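Close look at the chain arrangement
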Amino acid sequence: MGFPTIRPRRLRTTPELRALVRETNLSPGDFVYPMFFNAALDAPRPIGSMPGIDQLPISAAREQAKAIKARGVSSVILFGLPKTKDGCGTTGLDPDGPVPRAIAEMKSAVPELVVMADVCVDEYTDHGHCGLLRQRPGSKKENDWEVDNDATVEVLAKMGVLFAKAGADVVAPSDMMDGRVGAMRKALDAEGFQNTSLLSYAVKYASAFYGPFREAADCAPKFGDRAGYQMDPANAREALREAALDEAEGADMLMVKPALSYLDVIKDVRAHSNLPLGAYNVSGEYSMLHAAADRGMIDRNRAMMEVLTSIRRAGADFILTYHALAAAELLGG
Ligand code: PBG
């Protein structure tokens, strides 16, 4: 049986019918709003490459938490810009650093807000890499650096505990060092933080779409690139391997990042793991959409909702997105 008996258009005739048969729905509760707290600021500072997104002073944390909650968004992820940086990312372990302070403020203003903290040294190192550096073993060349995986993992575990102590509900390592999930779980448990969840940036690609974030978090690597630790965009099977390893190490949730060029990877990871899965609709994806909309090339709101729907359709349970507040408003929040 086929046409003219079969007519798929019948179910598209009214908005109500379309809503009835819609396979994928978005709600403000699906969004995690990323925020940048800068210890050196007294007032918000717009991020030039990300229209509508600011670096924030710690003093804005309380009112922001309330405004976000009022929109129906119940999760945030925090990034920090410290006053000073060094080779080892020392300020990342400062209990008075921007992230621990912002966590405490937000949780005291809105206790039910799910506060996640990104765990990585790149925001705190002067060289901007996601790991501590060491001279390449055996190399005779001067300043022949490599990222020291195991030394970095020790610092990340401490940072995870620090953020948990400050009140974070979820700690989220974004560095792509091997073994960091297991080490963080062990450190959290040893300090009594059995109930602090771990969201692993399990599948994170070395992507050009992080461009605007490097202005937002002031963390562009001063030399080289991140291809030695982040994944090759050409690889999909490796994503399953990374996801399985982090699951075995005790991750509570997994993430694929970026989202839009990796919808196939989201679908693959979804099919192979029963853990909740997030996807990061990254800075470049956000800025491209705004740039095109500002030039009248696309309708911003429609493109935004289509993008977010596609990420959920691919299999993500939740989306880290700079569109969170604007999308929640459109959804009636
Ligand atoms: C690293 C980190 C990055 C992002 C989140 N965590 C940058 C990078 O790996 O280069 C990118 C997020 C975005 O582009 O929106 N701490």
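Preceding this paragraph is the structure being described.
A look at the site of the ligand
Taken together, 18 residues lie near the ligand, and Lys204, Arg214, Lys257, Ser283 and Tyr322 sit nearest. Within the side chain of Arg226, a nitrogen or oxygen atom sits 2.8 Å from an oxygen atom of the ligand. Contacts to the ligand include Gln230, whose side-chain N or O atom sits 2.8 Å from an oxygen atom. Relative to its free-state accessible area of 410 Å², the ligand is covered by the protein chains to the extent of 100%. Looking at the shell around the ligand residue by residue, the classes come out as 8 nonpolar, 3 polar and 7 charged.

Overview of the nonpolar core
Counting 107 residues, the largest nonpolar core has Phe36, Leu78, Met106, Phe163 and Val203 as its most contacted members. Top element by residues in this core is helix α4 (residues 149-166). It accounts for 10 residues. Excluding residues that lie within four positions of it along the chain, Met106 makes contacts with Met35, Phe37, Ala61, Ala65, Ile68, Val76, Leu78, Leu113 and Val115.

Concerning the state of the cysteines
Taken as a whole, this structure holds 0 disulfides when the rule is applied. Unpaired in this structure, Cys88 has its nearest cysteine sulfur neighbour in Cys120, at a distance of 15 Å. A relative accessible area of 48% means that Cys88 is categorised as partly exposed. As a non-bridged cysteine, Cys120 has Cys130 as the owner of its nearest cysteine sulfur, 3.6 Å distant. A residue is classified by how much of its surface remains accessible, and Cys120, at 1% relative accessible area, is buried.

Some words on α4
Between its terminal C-alpha atoms α4 stretches 26 Å, which fits the 26 Å expected from 18 residues at 1.5 Å a residue. Those residues of α4 that fall on the buried side of the exposure criterion are Thr152, Val153, Val155, Leu156, Ala157, Met159, Gly160, Val161, Leu162, Phe163, Ala164 and Ala166. Buried positions along α4 lie against α3 (98-109), β5 (114-119), β7 (145-147), β8 (170-173) and α5 (180-190). Gly167 sits one or two positions beyond α4 and adopts a positive phi of about 120°.

Observations concerning helix α2 (residues 61-70)
Those residues of α2 lying buried are Ala61, Ala65 and Ile68. Across the axial projection of α2, the buried residues extend over an arc of 70°, all falling on one side. Exposed residues lying more than 90 degrees from the buried face of α2 are Glu63 and Ala70. For α2, the secondary structure elements touched by its buried residues are β1 (31-38), β4 (75-81), α3 and α11 (324-330). Remark: Gly72 follows α2 within two positions and exhibits a positive phi of approximately 95°.

Description of a nonpolar patch on the surface
Nonpolar side chains collect at one region of the surface, where Leu11, Leu20 and Val21 lie side by side and expose about 300 Å² of accessible area between them. When you line up the elements, Leu11 lands in the segment before α1 (15-20).

Section: the pairing of strand β11 (residues 277-281)
The buried fraction of β11 is high, at 5 of 5 residues. In this structure, strand β10 (residues 253-257) lies alongside β11, joined through 3 bridges in parallel fashion. Bridge assignment links Val256 to a residue of β11, and that residue is Ala279. For the segment spanning β10, helix α8 (residues 263-272) and β11, crossover handedness is right-handed. Summarising the sheet, β11 and strand β12 (residues 318-321) pair through 4 bridges and their orientation is parallel. Its bridge partner being in β12, Asn281 is matched across the sheet by Thr321.

Rules used in this analysis
- Residues numbered from 1 in each chain as written.
- Predicted model: local features only at pLDDT ≥ 70, side-chain atom pairs only at ≥ 80, totals over all residues.
- Heavy atoms only, no water.
- Near = heavy atom within 4 Å.
- Polar contact = N/O pair within 3.5 Å; in protein donor to acceptor, adjacent residues only side chain to side chain.
- Areas by Shrake-Rupley, 256 points an atom, 1.4 Å probe, with all protein chains shown as cover.
- Nonpolar A, V, L, I, M, F, W, Y, C, P; charged D, E, K, R; others polar.
- Core = buried A, V, L, I, M, F, W, Y, C linked by side-chain atoms within 4.5 Å.
- Buried < 20%, exposed > 50% of the residue type's maximum accessible area, 1.4 Å probe, protein only.
- Helix = DSSP H or I, 4+ residues; strand = E, 2+ residues; numbered from the N terminus.
- Contact = heavy atoms within 4.5 Å.
- Disulfide = S-S within 2.5 Å.
- Expected span 1.5 Å × (residues − 1).
- Arc of directions from axis to C-beta.
- Patch = residues over 30% accessible without salt bridge, like charges linked within 9 Å, V, L, I, M, F, W, Y side chains within 5 Å.
- Salt bridge = Lys/Arg side-chain N within 4 Å of Asp/Glu carboxyl O.
- Pairing = 2+ DSSP bridges.
- Right-handed = clockwise from strand over helix to strand, strands pointing away.

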